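Here is what each chain is made of, one letter per residue.
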There are 2 protein chains.
Amino acid sequence: MLDFSMGKGWALDETSFDPAFFGKVEANFSLGNGYLGLRSAHEENYLGQTRDLLVAGTFDRFSPEEVTELPNAADVTNIEITLNGERFDLTTGRIMYYVRRLDLKTGMLSRDVTWQSPKGELYSLHFKRIVSLKRLHTIAFQISVIPRQETMIRFQSGIDGRMTCDGSQHFTEGQTRFYDKKYLQFVPRTIQSDITFVVDATHDFYANGEETQPVSDINISRRHMFSNFTLEAEAGEVVTMEKFCNVFTTRDREAAGMTTAELQAFALDRLKEDQAAGFQSLAEESAAAWREKVWDRVPITVDGPEFDQLVIRFAQYHLQLMTPAHDNRMNIGAKGFSGEGYKGHVFWDTEIFLLPYFIFNMPEAARSLEEYRYLSLPGAHAKAKHNGYDGAQFPWESAWLDDGEVTPEYMGTDVVTGQLIKVWTGFIEIHITSDVAFGAWSYYKCTGDQDFMDKYGYELIFDCAKFWASRLEPGEDGLLHINDVVGPDEYKEHVDDNAFTNYLAKWTIDKAIEYADLLSEENPELFAQLEAKLGIMELREKWAYASAFMFLTKPNENGVLPQDSTYLTLQDIDLTKYKNQAHVGGIYKDYNQEQITKMQVSKQADVMVLFYLLEDLFPREVKVSSFNYYEPRCLHDSSLSLCTHSMLSADVGNVEQGYQMFQKACMIDLDNANPHSSDAGIHAASMGGLWQCAVQGFGGLRMLGGKLRISPNMPQAWNSLRYTAMWQGQRIAVTAEQNRVELVNETGSGPVEVEVWGAAYTLTDRLTVTK
Amino acid sequence: MLDFSMGKGWALDETSFDPAFFGKVEANFSLGNGYLGLRSAHEENYLGQTRDLLVAGTFDRFSPEEVTELPNAADVTNIEITLNGERFDLTTGRIMYYVRRLDLKTGMLSRDVTWQSPKGELYSLHFKRIVSLKRLHTIAFQISVIPRQETMIRFQSGIDGRMTCDGSQHFTEGQTRFYDKKYLQFVPRTIQSDITFVVDATHDFYANGEETQPVSDINISRRHMFSNFTLEAEAGEVVTMEKFCNVFTTRDREAAGMTTAELQAFALDRLKEDQAAGFQSLAEESAAAWREKVWDRVPITVDGPEFDQLVIRFAQYHLQLMTPAHDNRMNIGAKGFSGEGYKGHVFWDTEIFLLPYFIFNMPEAARSLEEYRYLSLPGAHAKAKHNGYDGAQFPWESAWLDDGEVTPEYMGTDVVTGQLIKVWTGFIEIHITSDVAFGAWSYYKCTGDQDFMDKYGYELIFDCAKFWASRLEPGEDGLLHINDVVGPDEYKEHVDDNAFTNYLAKWTIDKAIEYADLLSEENPELFAQLEAKLGIMELREKWAYASAFMFLTKPNENGVLPQDSTYLTLQDIDLTKYKNQAHVGGIYKDYNQEQITKMQVSKQADVMVLFYLLEDLFPREVKVSSFNYYEPRCLHDSSLSLCTHSMLSADVGNVEQGYQMFQKACMIDLDNANPHSSDAGIHAASMGGLWQCAVQGFGGLRMLGGKLRISPNMPQAWNSLRYTAMWQGQRIAVTAEQNRVELVNETGSGPVEVEVWGAAYTLTDRLTVTK
C-alpha cells in the first residue's frame, strides 16, 4: 500500500509489507540515471518479485522469432541475511515496524524494519540503496542490522547472471572473476548484438561504525557468484554492510577502443574509487546531482494539495531516470526504466508526450532524443522500402538505430480461436512518421536551435514528407487518401482516412514545402546538399499536389470532426459499465477485436491529440463539440488518454473536469486499488502527461505555430503554480494564479514575444498580466 | 527428512515439510520412464525449488561458449491452489499432517497434507503424480482438496516455458495454442539443435467423484499459459482436479516424417486418449508396467535389513527411469533423469557402473546403450583426428551422436588466482576409449549376441585399438608409454602410465589382435569389410608391437601395484580429517589441485577398478596389498568409489568391510545428514554401483574372461540374497546364502558352464553348491 502523506511532497512510502504490491512498488520506486534503471525488488528473495537491471541501448534479440529487447542484466540487488540461523524473511515471524521510502529529492530508496523472527528474536534493519546520478555506472547499498540479542549475522551477496526477460536469456554464460579475494566480476555478452557487460561488486563491513573484517567464503557457480560473510554481533551493536557495484558495457561511449580486458580493468578501477568514497559520500554526491540537474533546474511548485505537488515531482523523477540523455543513439522506453514491458522500445510517446518536458526544461536532452530519430533514418528508409514506399517511414516501435521496425508481429493467443493474435501497429499505425517530424519542428521552434535544423531537422521533415507523398492513394473521388491504418485510437484497426493521420501527414507535407521554399532562397548551399540527397525539387511538385488534393475529414453538421471515414456511422452501445471500470481493457471481456472495431468506442484520445498538436486548425466550437462527442465514447484504456483530455479541457471550457482527469491520470501508476497496474513497469508517457496536464494544461504553456503562449487555466484546487520554461535560450519563470500570471525572464538577455490570454506581449525582464 | 521405515521395503517417505530438503527429495523422488524425467518439486511454488522436465537426447547448445546440454523443458508441475483467498503455502499456517511418498512399486509420487491456513481454516489435500511407464509421453496428476468448511477453491495450472538451465534458455519463445477452450499447447523449439517440443495439458474436475465444470479463465502470456479454475465446495466435499499432460518432440522416432502441425495434432489426440482413460486407469496401467518390466523381471530379494532391500529397489527404480532404452541414439546421463548436473552427459559410468545391471537383467537395453557408442563413432573419429591420432577416441563426456567431446573446457573460478579453472578430463582422461571396448565385449560375452558383435562389436574394438596404437609414445627405455593423462583417480592430473589406462589399453589391443585373427579365419567376409574400413592387416602389426612393448606398472616389493609412474613416491600426509569428513571434497578447503597432485591421496577407486574389470590379471596377494595400501589413501570423494571397493572386499577377504562400504554407498543420495548431496540430481553410477555391491559383490555374479562365475560372499547381516541373471539368453535364478548357493535355470533351454567358489559346474535346470 502506497502512502503519499508522510513525505511532505518529496517522498512516497510503502507502510506495510504486502506481496500483492511487489510489482507496483518495484516499478514506481525504481532507481536510475538514464544510463541504467534498477527495479526496486527487496534485497531478500520472495516469490513474485521481479528483479531488473536495464542498461540503455543494449538491445539484443534472443531468437529470430522474437524482436529485439532491452535485456535484463545480472542482478546485484539480491542480498540474503541470516540471523542466528533464521533467514530474514518478512513472510515469517512478526513485523513490528515497516516503512519503505522513495525519496525523490535525493533519489534514495530506503527501508526500515523492526522484525521479530519466528524464534522470537528482535532485529532492526535499515536498508539504503542508490543509483548514482553523478557516476552513471554506480549502484550502492548500505544495510545496517541492529540485533537486540547476541547474533551471528550472515550476509550472502554477489552477482547473479541467471536473470532472464520472462525466460529469454540474452547473455552468454560469461566469465566469473574474483580479484584479491575481494572484487567480484561477471563478464557476459549479449548473444546476438554482441555487447559485453562488465558487472562488478565488492563489500565493506562496519561494527558500530568501525571497519571490520567478517569471516567470508565465496561460492562461484554457473552464471552466478556469491560471497558469504559472517559476523558476530552483540546486542545493540550496529553491523553495517556496504555494497558497491557498477556496470559497464562495450556500447558505452567511454568504452570505445577498449579491449574487453581493458574495460574490465577500467571498471574495476572505478569500483575501487566508489568503494574508497564510501556509501555516505556517494549518496550525498548523487543527491547533489538530483538537486542541481532536476530540482533546482526544473522547479515546479503547486500551491494546492500536497499530493498534486508530489505527483508532479514523481513524474519529473521518472522522466529524469528514464532518459538516456547522455547518448544520442538511445531514446526512452515506453515503460521507462522500471520493467520489461514493451521490451524497452521507443514509441510516438517520445515526441508527443515526453519531448515537451525536455524541450521546455532540458533542451539538450530534447535535442539528443531528436538526434536519435535522425540517426535512425537508415531503419526508417528500410521500412519504407520494404513496404514499397519512398523516404523515411519510422518504425512504430524502435530500438537500436539500425533495427528498423521491432514491433512484435504476434502477441498472445486469441481465447476464442486459440490462434496467435496479429499485432497490426507495426504494420499500419503509421502516424509515427508525422509525429517524428512534428517533434523535430517543435524542438526547433521552441529552442531556435538552427544548428540542429540545418544538420538534422530539415532533412527529417523532408524525408518524412517524402514518405507521405508516396503513401497517399488516389480515390475514386479524385482525392488522395490514406487507407487501412490504425490511428491513435487502437480500438480501431484497418480504418481509412483517420483524421489525426491525415491532418498530420498534410502538416508534414506543408512544412516540407515551406522549408523547401525557404531553403532554396535563404540557404542554397544546404538546399543543394539536400536536393542531392533527397531530390527535393521533384518532391516539391508532388507535395504541392498532395497538399492540394488530400482528403481530410471535415466537421459534420454538429461540429464533430469525424475520427475516420466510418466512426460516426458505427453502432453506439451503452458504455457505462466500461467507463466505470476499475481496470483497463474490460471491454475485451465482453467483445472481441472484430466487434469492437464496429462500435463507437475508443481506447484513447485520437482527434483530441490533433487538437492538442494543431490547436489553431479548428474553431473552438468544433473542439467543444468533438470533445463532448468523443470523451463519453472513450474508455481511456491507454495511459496516453487522460492527460490529453485534461490538457484540452481548458480549451473547451471545463478546467474542473480537466482537474478530475489529472487526478485520475495520477492514479495510472499510483492507484492502491490496482496493485498490478505497474507490474511491467511504470507508464513513461503518463509521466510526461502529468507534467503536460500541470504545466501545459493548467499552467498554459504552449508553443503555437512557432510562437510562445502562456495562458494559465488554473483549477480551483490550485492557488498558484510556479514553473520555469526555456524559450529560445532564455529561462522564463512563471507564476500562474487564477486570474493573474507573472513572467520573469531569468536569463534577461532579450525580449520574448508571448501571448497571454489572447493578447500579445513582449517580455523583457518581468511581465504581469491579469485576466 | 527421509524416512525408510514406513514403506515396507517398497517406498521412501518424507515425513516433514522442510525446505532444506527440497533438492534431496526432488531428485530422489524423481519420476520418469527413460523417455522423460520429471523432478519432483511441489505443485505450489516455493523459493529454492528446482523444476526440471528432461527429455532424453534433446541436447541443445545455448551458445558457442557453452557445451551442449539436456534442456529444461516447459514445466507442467506448478499448480497453485487458493483456498478462500489464501494461497496454499506450507511455509504459512500450520501443518497438522504431512507425508510425501515415492512408491517404487507403482512409480507413484503422492503427498497427503492436513493444513490449517493462517486464517485458521482446515484442509486436507491429497496429491498424486505419475509419469507413465506405459505411455512414454504421459504425465498425470490428481489433486483432491477436502475443505472442512465451505470454501471457494481456485486452481491455477498450465504450462510454463520460462524454465532455464541455471539461466541458459534453450528454447525459442514458442507458439501458445488453446483448443476448444480446453486444451493448452505450447510449441517451442530448441535454439541450436532445432528440436520442436509439443507440450500439452488439459484438466478434469470432480466433486465427490462426479464430474463437474468449474468457472475458468485463461491467461496466456510470454512463454507461459495458465488456466484459472474456480469451484465452490461445501464442508467435507471432495474436490478433485486431474491434470493430463504430454510431451513430444521432433526427435522422437514416432515423429519421423511428421510436420510440426502433424505432430501437434498427434500429440493432442494422445492427450485426449489419456484424458479419456482418466488418472486412476493411467496409474494402474503404469504400475502394471513397473511390475512387468522391472519388479517381476528383475526380482531381487534380501533376507536381511529392510533398508538394504529398499535401497536395492530404489537403485533399480532409478536405473529404469534414467535409461532411454527405447532409442539407441541416446544413453544415460551422469545424474540420471533427476537434475541438471553434468548437463545430461554420458560418461564411462555407463560401461563400468551401469551396463552390468542391464547386461545381466535387460540385455536388449544393454545392447541399445552399446549401439549408442557405435553410432557415436563419427564423434570419436573427429576427436582422435583433432588430437592428431587415428581411430576412435571416445569423448570423456558425450551427448548427441555427432557432438564428439562435450566436456566443458572451464568450470568455476579458482578462489586463489581468481581465474577460470581448466577442466582436464575432456582433454586427457582417455581411458574411456578402453571402457567402451570393454563394455561391448562384456555385453557380447554375457549375452552371446553374435549379431551385435558382427554389426558393431568387432568394429568398435578394432577402432578403439587403432586409437591406442596411435596414442602410445616411445620412451627412452625403448618401451611404449601413455603419458600425460588423468586416470580414474581425478585427484591426479597429468600423470604418466596410469596403471588402469595402460592395462586397459593393452587389453583393448590384445582383444583386437585376438578378433582380427579370429575373423580372418572364421569370417573372412566380415574381415574383408572391416579391413576395407579400418586397414586391419596393417594395424595387426602395430598392435603386435604395441602389445609386446607396452610399459605396464608392475607390483612393487610389497605387492602394491603402482597407480602410475610417480604415485608411490609422492608425499604421504595424515588424511584422518578427510576420511572422517561429512561432505566430499573437503581436502580442497586446505589444499589446491596443484598440491593435491603431489600427495598420496586419491579421489576414488583407480587400481581397484582394474582389479574389478580384469580380475584374473593379478594374484590375490597383489590385490590384498594394493587394497590395503590405497583404500586408506582414498577419500571416496566420487560416487564411483565405494561400490568398487565394496565389490572387491570379498576378493581381498573382508566382506564385512565391504558391507560397511555398501551401507555408506547407500547414503550417497539418501543421507539425511547431507541434505544437499542430490541437489543437482542423483548419482546415476551409484545406482548401478548399489546393484553391483549387492549382486556382483555379495551375490558373486561376475563374467570372467568370458565365463560365468557365481561365487557369493554374503555379509553376516544378510541371510540370503535372491536374484536373477541373464546369461547367453537363459535366465538363471540365484539363491545365495552364507555357505550355499542354489541356481535354477528358469529358461531351461541348455547347459550353462558356471564357476562356483573355485569349482566348475554345468547347470542344466538346477544346481546347489555348498561351501
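Residue numbers run consecutively from 1 along every chain, following the written order of its sequence. The naming scheme follows written order: chains are lettered A onward, ligands numbered 1 onward. Totals for whole chains, interfaces and linings use every residue, but because this is a predicted model, local features are given only for residues with pLDDT of at least 70 and side-chain atom pairs only at 80 or more, for both listing and counting. The side-chain figures draw on all heavy atoms in the structure; neither hydrogens nor water molecules are used.

A. Broad picture of the interface of chain A and chain B. Whether two residues are in contact is decided by their heavy atoms, any of which lying within 4.5 Å being enough. Tallying the contact residues gives 38 residues for chain A and 38 residues for chain B. Of the roughly 3,100 Å² buried between chain A and chain B on both sides combined, carbon and sulfur atoms contribute 51%. Among the ionic pairs, Asp166 of chain A bridges to Arg162 of chain B, the shortest N-O distance being 3.4 Å. Elements with a minimum of two residues in the side of chain A that touches chain B: strand E13 (175-179) and strand E17 (215-221) of chain A. Classification convention: Asp, Glu, Lys, Arg as charged; Ala, Val, Leu, Ile, Met, Phe, Trp, Tyr, Cys, Pro as nonpolar; all other residues, Gly among them, as polar. Class assignment for the residues of the side of chain A that touches chain B results in 11 nonpolar, 14 polar and 13 charged. When two parts are brought into contact, each loses some accessible area as probed by a 1.4 Å sphere; the total of that loss over both is the buried area. Salt bridges, as used here, are contacts in which a Lys or Arg side-chain nitrogen is within 4 Å of a carboxyl oxygen on Asp or Glu. Starting at the N terminus, helices and strands are each numbered in turn, a helix being any DSSP run of H or I of at least four residues and a strand any DSSP run of E of at least two.

B. Molecular detail of the pattern of salt bridges. A complete count under the given rule lists 90 salt bridges over all chains for this structure. The residue Glu65 of chain A makes a salt bridge to Arg189 of chain B at a minimum N-O spacing of 3.0 Å. In this pair, Glu65 of chain A sits in the loop between strand E5 (53-55) and strand E6 (79-83) while Arg189 of chain B sits in the loop between strand E14 (183-187) and strand E15 (197-207), so the two residues belong to two different chains. Residue classification places Arg189 of chain B among the partly exposed residues on the basis of a relative accessible area of 25%. In this structure, the salt-bridge partner of Lys533 of chain A is Glu459 of chain A, at a minimum N-O distance of 3.1 Å. Of this pair, Lys533 of chain A sits in helix H12 (residues 524-534) while Glu459 of chain A sits in helix H10 (residues 450-471), and the two are 74 residues apart along the sequence. For Lys533 of chain A, a relative accessible area of 51% puts it in the exposed group. One continuous salt-bridge network, built from bridges that share partners, spans Glu66 and Glu69 of chain A together with Glu173, Arg222 and Arg223 of chain B. Any residue under 20% of the maximum accessible area for its type is buried, any over 50% is exposed, and the rest in between are partly exposed; the area is computed with a 1.4 Å probe on protein chains only.

C. Seen up close, the confidence of the model for chain A. The predictor reports its confidence for every residue as pLDDT, a score running from 0 up to 100. The predicted model of chain A averages 96 in pLDDT, with 100% of residues at 70 or higher. Scored by ipTM, the complex comes to 0.92, with pTM at 0.95.

D. How the structure looks around helix H9 (residues 432-447) of chain A. All names here are of chain A. Helices are assigned an expected span. That span is 1.5 Å times one less than the residue count. In a regular helix each residue adds 1.5 Å, so 16 residues correspond to 22 Å; H9 covers 22 Å between its end C-alpha atoms and thus fits that length. Counting buried residues in H9 gives 15 out of 16 residues, a clear majority hidden from the surface. Positive phi shows up at Gly448, right after H9, with a value of about 70°.

E. Main features of the relation of the copies chain A and chain B. Mapping chain A onto chain B is achieved by rotating through 180° and translating by 0.0 Å along the same axis, at an RMSD of 0.1 Å. With respect to symmetry, the two chain copies, as superposed, fit the operation of a two-fold axis. Closest to the rotation axis within chain A is the C-alpha of Gln169 of chain A, separated from it by 2.7 Å. Both copies present the same face, since 100% of the interface residues in chain A are matched by interface residues at the equivalent positions in chain B. To line up the copies, we fit them by least squares on C-alpha atoms, keeping just the residues with pLDDT of at least 70 in both.

F. The arrangement of the state of the cysteines in detail. Our working definition of a disulfide is a cysteine sulfur pair at a distance within 2.5 Å. Tallied over the entire structure, the rule returns 0 disulfides over all chains. For the unlinked cysteine Cys446 of chain A, the closest cysteine sulfur is that of Cys643 of chain A, found at 18 Å. Take Cys634 of chain B: it sits in no disulfide, and the sulfur closest to it among the cysteines is that of Cys643 of chain B, at 11 Å. Taking the relative accessible area as the measure of exposure, Cys634 of chain B reaches 1% and is therefore buried.

G. Spotlight on the side chain of Ser338 of chain B. Residue and element names in this part refer to chain B. Here Ser338 lies in the loop between helix H4 (306-322) and helix H5 (349-361). Counted as a polar contact is a pair of N or O atoms within 3.5 Å, where, for protein atoms, one must be capable of donating a hydrogen and the other of accepting one, and residues adjacent in sequence contribute only when both atoms are in side chains. Here the side chain of Ser338 touches Lys335 through a polar contact of 2.9 Å, landing on its backbone oxygen. Discounting chain neighbours no more than four positions away, the residues touching Ser338 are Ala27, Ser30, Arg39, Leu54, Gly681 and Ile682.

H. Highlighting the sheet that holds strand E28 (residues 730-737) of chain B. Residue and element names in this part refer to chain B. A pair of strands counts as paired when DSSP detects no fewer than two bridges linking them. Across the sheet, 5 strands lie side by side as E20-E27-E28-E29-E32; this open sheet has antiparallel pairing. Each edge of the sheet is formed by a strand with only one pairing partner; in this case those strands are strand E20 (301-303) and strand E32 (766-770). Each strand of the sheet is rotated relative to its neighbour by a mean of 20°, with strand direction disregarded. Pairing between strand E29 (residues 740-745) and E32: 5 bridges, direction antiparallel. Bridge pairing in E32 places Val741 opposite Val769. Working convention: axes come from line fits to C-alpha atoms, limited for helices to the stretch in contact. Angles between N-to-C directions cover 0 to 180 degrees.

I. Structural context of the sheet that holds strand E5 (residues 53-55) of chain B. All names here are of chain B. Taken in spatial order, the 3 strands of this open sheet run E3-E4-E5, and their pairing is antiparallel. This sheet does not close on itself; its edge strands, each paired only once, are strand E3 (31-32) and E5. With 2 bridges joining them, E3 and strand E4 (residues 36-38) adopt antiparallel strand pairing. Note on E4: the bridge partner recorded for Gly32 is Gly37.

J. Quick peek at the pairing of E14 of chain B. Residues and elements named next belong to chain B. Across the 5 residues of E14, 5 count as buried, placing the element largely inside the fold. With burial as the criterion, each face of E14 is covered, one bearing Tyr183, Gln185 and Val187 and the other bearing Leu184 and Phe186. One ladder, built from 5 bridges, connects strand E13 (residues 175-179) with E14; its direction is antiparallel. Looking at the pairing, Arg177 lines up with Gln185 of E14. Taking the residues that link successive antiparallel strands as the turn, the E13-E14 hairpin has 3 residues, and the phi of Asp180 there is positive, at about 50°. Where E14 and E15 come together, 3 bridges link them in antiparallel fashion. Paired with Gln185 across the strands is Asp200, a residue of E15.

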